[in-house]
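Examining the three-dimensional arrangement
Each chain, written out:
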Amino acid sequence: MLSYGLKRLGLSVAVVVIVIAALFVMIYAVPGDPARVALGPRASDALVAELRARLGLDLPIWSQILRFYGSILQGDLGRDVISGAPVLKVILAQLPDTLRLVGGAMLVAVVPGIVLGVISATHRGSAIDRLTSVLSVSVMAVPSFVIAIYLLLIFSINLGWFPAIGAGQGFWDVAHRLVLPSLALGLAWIGYTARILRASMLEVTGQSHVRTARAFGISDRRIMYDYVLRIAILPTITVLGLGIGQMLSGAVFAEIVFGRPGIGKLVYDAILARNYPVVTGTVLFTTVFFVAVNLAADLLIAWLDPRVRHDLAH
Amino acid sequence: MTQTDDILSVDGLSVSYATPTGTLRAVRDVSFTIGRGEIVGLVGESGCGKSTLMQSILRLLPGAARIEGGAIRLSGEDLAHAPKKRMRQLLGDRISVVFQDPMETLNPVLTVGRQMIDIQHRSRESRAAKRARAVAMLKRVKIPDAETKIDSYPHEFSGGMRQRVAIAMALMAEPDLLVADEPTTALDATLEIATIDLLRELQEEIGCAILFITHHLGVVAELCDRIDIMYAGALVESGPTMEVFRDPRHPYTQLLFACDPAQIAEQRRHLPSIPGSLPDLIDLPQGCIFAGRCPRAEDRCRTEAPAPRAAGGSEQVRCHFADAPRLEVPA
Amino acid sequence: MTLHTDPAAAPSRRTKPRGALARLVADPLGALGLTLIALTVLGAALAGLSPHSPTGLSPLDRFSGPTAEFWLGTDNLGRDLFTRVLYGARVALALSIGATALALVFGLVTGVAAGFGPRWADNILLLILDAMKSVPTVMLALVLVTFTGPSLWAVVLVVVLVNGPAYARMARTQTLAIRNADYIEAERSLGAGGARIVFAHVLPNILGPILILAAMDIPIVVGIEAGLSFLGLGVRPPAPSWGTILYDGFSYIRDSAWMVIAGGIPIVITALGFTFLGEALRDTFDPKLAKR
C-alpha cells in the first residue's frame, strides 16, 4: 500500500512539475515586456530596467524557471495585477462558493447515477435499461452551458421558481440558488456514473464467484446489492474523482450563466482584464486540485479493495 | 439398486440453447442415476455437454438455455420444474457444488468467514453459532489456524487451501449430493492427490453421493464407483468403473482408453485427442452422433441412431456394434 | 466452453452479412443519429439559399420574434437568426471535422513514434500525455486562449490538446503490440522500413476503433467551440457561430429568449447526432469497445 501510494504520489508530482513548466513557457512566450506592460508606456527606461531586475526578468531562462518553481513551492502564485493581492488568497476567497456548487452537482450526479446504473444492470435489456442508456449518452453529449442557459430560461425567467442571479445569503437561500447551477453542472455526470456502474456490475455478475453464491441459494437481491455492488462500485469512484476535478473548472459556465461568484468567474474576469497572474494561478490551482482528487480516489479504491490492500502491503 | 435408493435420477434430459444461428442441442436424451453414497464420474471432452448437464441439475443455466424435456429427480422430487424458491432451499443444503477454479469461485472482497456464514441462510441460529460451525468445518478440511484464518480474504489463501475452503463450504450442510465440477483441474499433481484424498475421506464420513465431472481418467479410475461417458451431448456409455475400464464397449470409449493405457494409470490430465471434430449440434447429423469420427462406422450408422443397450459389463452403450470385438487401435 | 452462450451476446434477430450503412440504419439509435447529422449537413449546404445575409446589419429589423420572414427571429443587430444558424452549421462542421482530423494526426504520429522509439522517449511522452490529461479541460482551453488570443485557431489547438492524447495512447498500445510480433521481426529482417510497417500493420488495426472514438468526440469539439465562443473567447463576431449567437443572445435572454433558443438547439442536435452515431457504430462494429 505504502509503495503504491508513493509511486502514485511521485507520478502526480511529476505531472504537476510538467504543467508548471508548460505554464512558464507560455508566460515567457507572451509578446511584450511584462515590466513595460506593468508600468505603462510613459515609464522611463531606467524604471523599467529596475522592475525587470526586481522581477528577475533579466536573469537567464533556467534561473527564472527555478525562481518560478521556488515561489510556487512557497505558495506564492504571484500578485493580482489589479488589486495587488496575492493570487492564492484571491483564489481561496472564491473557493467556497465553487466548492458548494461542485458539492451540489455531485449530489445531482451520484444519487440518480447509482440508482439508474443499478436498475440498468439488474434489468439488462429491458425498456428502462435502453431508456437509461439513451438518456445517459444524451446528457453526456449536450454541453453544460447550453443546459444551464435553458434551465435559466425555463425555471428562472419563465416559471420564476428560482432567482436568476447571485449565490444568496443564509442556508435556505443559498441552497435554493444552488439548485439550477448544480443541475446544469451535474447532469452529464449522472450519465457517466450510470454507464460505468452498469458496465462494471455486468462484468462482476459474469464472474464465477457470483455463480458460486447462486449455487448456495443466496438470494438474487443479496447477491446484487452486497456481493456484486461492493466490487462494481470501485470503478465508479474513479469516475466521480475525475468528475469533481473537472467540475471545479467546468463551474465557469454555470457561474457565468447564473451570475454566481466563484473560481470560474474569477478566471473569466481575469482573462478579459488580461490579469495573467490570476489566470495562471487559477489554472495551476485547479490542476493541482484535479491531480490530488484523482490521487485520493485511487488511494481510496486501493484501501477499499482487500485484494489491492493485501498485494500492496506485501 | 431400487428406484428409492437413488439420490439423483436424470431421465431423458434434453437441454438446448437459443443461438443466433439456430437451436443448439447441447444435451440430448441423457439418463443416469446416482445411488445414495455413490461416486459417479462424468467424463467427456470440452463441449460434450457435461457442464450444461451440471448447470441443469443446479438450475444455473444461462438465460439462453432451456430444458426441453426429461426430468431431474432428487430423491424423487423433480428439480427441472421446481420453483426458484424451492431450489434456493435445496442448493447448498441438500445439493452442493465445488467449482473448478479456486481463484475465481470465492468472492474476493468478502472474508471467507462472511461467505461461510452467508451460505447458512436457511438456519435461524445466531451469527456466533454459524461462525463456530464454519470454523469447525474449516478444521475438518485441515485449514491450519482456522479460528484466525476465517477472517482472511480468499486471496490470502494458497490455491490448494482455497479449494479446501470451497469443499468446506460445499460440505458444511452435509448434503446428499455433491457436484464436483473439475475441482482439481486447476491444481498441480501433488495438490490434486491431496484434494482427492480429502474429498474421499469427507465423503466416507458424511456419506454423500458425488457427481465428479472431469477430464481426468486416472481420477475416475481411482475414485469413482461408476463412470458415465458423454460425447457431443449424448451419454454414449455408462457402467461400473471397473467393468468399463476393463472392457469398454463403445468405440469412443475404446479410443479414449486405448490411446495409451499406461497414461491413464499415470493420471492423465487431459483426454487423449481423437482425430476429427465434434459434429454440429445445431444441424445434427442423421444416425449415430459419433459416426463421423468412428473407425467402425458403416452405412447403417449414418442413417439410424442407435438406442442405448446393455453390453459386456456396461449398462448403457449407444452403439449398433456394442457387442463387436474391441477395436484394433495402432498405438 | 463454447456451449456457454451468453444470452445477451446472442442477438435475438438473425444477423445476415449486410452493408455497413444498412446495419447502422437498422439500429434505431444509428438511424436517429444519421438523421440529425443529415439535418446539420443539409443546413450547412443550403445556407447560401437564404435571402438574408448572416452578417449584414438591418437596424430596422432588430429584436424581431419569429415571423414568416425571420423564421427564428432576428438578433440585437437585426440579423436573421435562421440564416446565422445555417452558416453556423458550416463553422461547426468544418471546425469539428478539421480539428478532429488534426487531433487524429497528432495522436497517430506521437503514438506511433512513442511505440517505435526508445524506452526513455516513450516514458517521457507518456508522462507528457498524462500531464495534458491532468489539466481540467475547461482550464486547458481557457489558458491557451488567454495566451494565443481568441481565434478559430486557438479553438483548433485546444481540440488537438484535449482529444489528441487519447488517440496517441491507442496508437501507442497498438504499435507496441505490433512491434513485438514475430511477423514484424520477419518483415524487418527482410528489410521492411518503419513506414511500411506502420501503413501495412499498425494503421489498419487501429483505424476502426480510433475513428469510432473520434466520432464520439465530435460533440466534445462542438461543445469546446460553442463554449469558448459563448464566453467571447472563440470564434470572433460577427462570424456566425452557434456559440456567438448564444453570446449575443444571452444579454437579451429576459426579453428576447428566441435568440438563445436559436443558438442552443443546433448545438443539441449536432451533439446528439454524433453521439448516437458513435454509439451505434461502436455497438455494430466494435463489440469489444461496447463491453466497456
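Per an unreviewed UniProt entry, the recorded name for chain B is Peptide/nickel transport system ATP-binding protein, and the organism is Pseudoroseicyclus aestuarii. The Subcellular location (unreviewed entry) comment attached to chain B in UniProt states, word for word, "Cell inner membrane". Within the UniProt record for chain B, the comment given under Sequence similarities (unreviewed entry) is "Belongs to the ABC transporter superfamily."

In the annotation of an unreviewed UniProt entry, the entry for chain A reads Peptide/nickel transport system permease protein, and the organism field reads Pseudoroseicyclus aestuarii. UniProt's Subcellular location (unreviewed entry) comment on chain A is quoted here verbatim: "Cell membrane". Here is the UniProt Sequence similarities (unreviewed entry) comment for chain A, exactly as written: "Belongs to the binding-protein-dependent transport system permease family."

With that out of the way, let us pick up unusual backbone geometry. Working note: non-glycine residues mostly have negative phi, and peptide bonds are mostly trans. Residue and element names in this part refer to chain B. The phi dihedral of Asp-145 falls on the positive side, at around 60 degrees, and the residue is not glycine. Checked against the element boundaries, Asp-145 lands in the loop between α4 (127-140) and α5 (146-149). You will see that Ala-232, though not glycine, has its phi angle at about 50 degrees, which is positive. Mapping Ala-232 onto the fold places it in the loop between β9 (226-231) and β10 (234-240). On the accessibility criterion, Ala-232 (1% relative accessible area) is buried.

Of all hydrophobic cores here, the largest spans 133 residues; its most connected members are Phe145(A), Ile149(A), Leu228(C) and Phe230(C). When residues of this core are assigned to their parent elements, the largest contribution, 16 residues, is made by helix α8 (residues 194-230) of chain C. The residues that make up this core include at least three from each of domain 1 (2-73) and domain 2 (92-313) of chain A. For Ile149(A), the contacting residues outside a window of four places in its chain are Val257(A), Phe230(C), Leu246(C), Phe250(C), Ile253(C) and Val260(C).

Moving on to the domain arrangement of chain B. Residues and elements named next belong to chain B. Assigned domains within chain B: domain 1 (3-224) and domain 2 (248-331). Inter-centroid distance (C-alpha atoms) of domain 1 to domain 2 is 28 Å. Facing 27 residues of domain 1, the contacting portion of domain 2 comprises 18 residues. Of the roughly 1800 Å² buried at the junction of domain 1 and domain 2 (both faces included), carbon and sulfur atoms supply 53%. The interface formed by domain 1 and domain 2 holds two salt bridges in total. Notably, a salt bridge pairs Arg-318 with Asp-29, separated by 3.5 Å at the nearest N-O pair. Between domain 1 and domain 2 we count four residue pairs in polar contact (both at pLDDT 80 or more) in total. Elements supplying a minimum of two residues to the side of domain 1 that touches domain 2: β2 (22-35), α7 (189-206) and α8 (217-223). Considering each element in turn, the side of domain 1 that touches domain 2 owes the most residues, eight residues, to β2.

Let's shift gears to the sheet that holds strand β3 (residues 39-43) of chain B. Residue and element names in this part refer to chain B. A sheet is described by the order of its strands in space; here eight strands give the open sequence β6-β7-β8-β3-β9-β10-β12-β11, paired in mixed fashion. Each having just a single partner strand, β6 (95-98) and β11 (309-311) make up the two edges of the open sheet. In this sheet, neighbouring strand axes are inclined to one another by 20 degrees on average, regardless of whether the strands run parallel or antiparallel. Each of β3, β7 (177-181) and β8 (209-214) touches α7; the most contacted strand, β8, lies at about 160 degrees to it.

Right, let's talk about the sheet that holds strand β5 (residues 77-78) of chain B for a bit. Residues and elements named next belong to chain B. On the basis of which strands lie adjacent, the open sheet formed by four strands has the order β2-β1-β4-β5 and antiparallel pairing. Across the chains shown, the open sheet's two edge strands, defined by having one partner strand only, are β2 and β5. Note: strand β1 (residues 6-19) against strand β4 (residues 65-74), eight bridges, orientation antiparallel. When the sheet's bridge partners are listed, Asp-11 is paired in β4 with Ala-71. Across the sheet, helix α1 (residues 50-58) is in contact with β1, β2 and β4; its angle to β1 comes to roughly 115 degrees.

Now for the UniProt feature "domain: ABC transporter" (unreviewed entry) in chain B. UniProt records the feature "domain: ABC transporter" (unreviewed entry) for residues 10-257 of chain B in the present numbering. Counted over residues 10-257 of chain B, helix gives 37% and strand 28%. Its end C-alpha atoms are 26 Å apart.

Residue and element names in this part refer to chain A. Structurally, chain A comprises domain 1 (2-73) and domain 2 (92-313). Using C-alpha coordinates to define each centre, domain 1 is positioned 34 Å away from domain 2. On the side of domain 2, 13 residues touch domain 1, which itself brings 14 residues to the contact. Summing both sides of the interface, domain 1 and domain 2 together bury roughly 1100 Å²; the carbon and sulfur share of this comes to 82%. Together, Tyr-4, Arg-8 and Leu-23 form the three largest contributors to the area buried by domain 1 at its contact with domain 2, with a combined 43%. The interface formed by domain 1 and domain 2 includes one salt bridge. If you look at where domain 1 meets domain 2, you find one residue pair in polar contact (both at pLDDT 80 or more). For the side of domain 1 that touches domain 2, the element with the most residues is helix α1 (residues 2-29), which contributes 12 residues. Here the side of domain 1 that touches domain 2 is built from residues that sort into 11 nonpolar, two polar and one charged.

Before going further, it helps to examine the UniProt feature "transmembrane region" (unreviewed entry) in chain A. Residues and elements named next belong to chain A. Those places that UniProt annotates as "transmembrane region" (unreviewed entry) correspond, in this numbering, to residues 9-30, 101-122, 134-162, 174-192, 231-258 and 278-304. Across residues 9-30, helical content stands at 95% and strand content at 0%; the span's end C-alpha atoms are separated by 32 Å. Helix makes up 79% of residues 134-162 and strand 0%, whereas the separation of the span's terminal C-alpha atoms amounts to 29 Å.

What counts, and where the lines are drawn
Residues numbered from 1 in each chain as written. Chains lettered and ligands numbered in written order. Predicted model: local features only at pLDDT ≥ 70, side-chain atom pairs only at ≥ 80, totals over all residues. Heavy atoms only, no water. UniProt positions renumbered as here; feature names shortened; annotations may be inferred. Helix = DSSP H or I, 4+ residues; strand = E, 2+ residues; numbered from the N terminus. Buried < 20%, exposed > 50% of the residue type's maximum accessible area, 1.4 Å probe, protein only. Core = buried A, V, L, I, M, F, W, Y, C linked by side-chain atoms within 4.5 Å. Domains from an automatic or database assignment. Contact = heavy atoms within 4.5 Å. Buried area = accessible area lost by both parts, 1.4 Å probe. Salt bridge = Lys/Arg side-chain N within 4 Å of Asp/Glu carboxyl O. Polar contact = N/O pair within 3.5 Å; in protein donor to acceptor, adjacent residues only side chain to side chain. Pairing = 2+ DSSP bridges. Axes fitted to C-alpha atoms, helices over the stretch in contact; angles between N-to-C directions. Nonpolar A, V, L, I, M, F, W, Y, C, P; charged D, E, K, R; others polar.

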